[in-house]
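# Architecture and fold: a report
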Amino acid sequence: MDLTAEDKKTLLKIVRSAIEKRLQPGSQSSDEPALSELTPVLQEKRGVFVTLKKRGQLRGCIGYIQAFRPLGLAVKEMALAAAFEDPRFPPLRLSELKDLTVEISVLSPLQRIGSLEEIEIGRHGLYILSGCSSGLLLPQVATE
């Protein structure tokens, strides 16, 4: 999936608008576009994670591994979850908004690998299953 600069800008606008509206219910932040107004790429069902950082430190990160919602809708839902429902952090406060940076990770469909040589650190994420346990490593986390 190739996101254009405009697609990326739209996704970021959706994230920021959703969070601002939750923090300031009477705010003048613009509404995100309706699904029908999004580009075909943003209407595709994709897995997505939204990561929030405050002054470079993790402040929330939640997402879908599987693609079952259109990207434009999933990113809004995950932005709100990362800001207000990540169990590792208290809900985001209005005073934190100015220090917040947003990272959106759009996932490609999962692929089974045959060997470690197939993994490109910083490009590929990892989803590991072992019995009833599982774990996810987003591509940028490995380089951090």
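This text follows the structure it describes.
The sections below set out a description of the structure shown in this document. (Residues numbered from 1 in each chain as written. Predicted model: local features only at pLDDT ≥ 70, side-chain atom pairs only at ≥ 80, totals over all residues. Heavy atoms only, no water.)

Here the focus is the overall build of the protein chain. Helix and strand counts for the protein chain come out as four helices and five strands. Counting from the amino terminus, helix and strand elements in the protein chain follow one another as α-α-β-β-α-β-β-β-α. For the protein chain, whose C-alpha radius of gyration is 16 Å, the value lies close to the compact-globule estimate of 15 Å for 144 residues. Overall, the C-alpha framework of the protein chain stretches about 50 × 35 × 25 Å when taken along its three principal axes. When each of the 144 residues of the protein chain is scored for burial, the buried share is 33%. Look at the contacts in the protein chain between residues 6 or more apart in sequence, and 62% of them connect residues 24 or more apart. The protein chain carries 19 positive and 18 negative side-chain charges, and their two centres are separated by 5 Å. (Helix = DSSP H or I, 4+ residues; strand = E, 2+ residues; numbered from the N terminus. Rg over C-alpha atoms; globule rule 2.2 N^0.38 Å. Buried < 20%, exposed > 50% of the residue type's maximum accessible area, 1.4 Å probe, protein only. Contact = heavy atoms within 4.5 Å. Lys, Arg positive; Asp, Glu negative; His and termini not counted. Charge placed at Lys NZ, Arg CZ, Asp CG, Glu CD.)

Moving on, we get to the environment of Lys-9. Take Lys-9: it is sitting in helix 1 (residues 5-23). Judged by relative accessible area, which is 56%, Lys-9 ranks as exposed. As for Lys-9 and Arg-55, which are separated by 46 residues in sequence, their C-alpha atoms are 21 Å apart.

Mapped onto the elements, Leu-12 comes out in helix 1. Its relative accessible area of 34% is what places Leu-12 among the partly exposed residues. The spatial distance from the C-alpha of Leu-12 to the C-alpha of Ala-67 is 19 Å, given a sequence separation of 55 residues. If sequence neighbours within four positions are ignored, Leu-12 has contacts with Val-102 and Ile-104.

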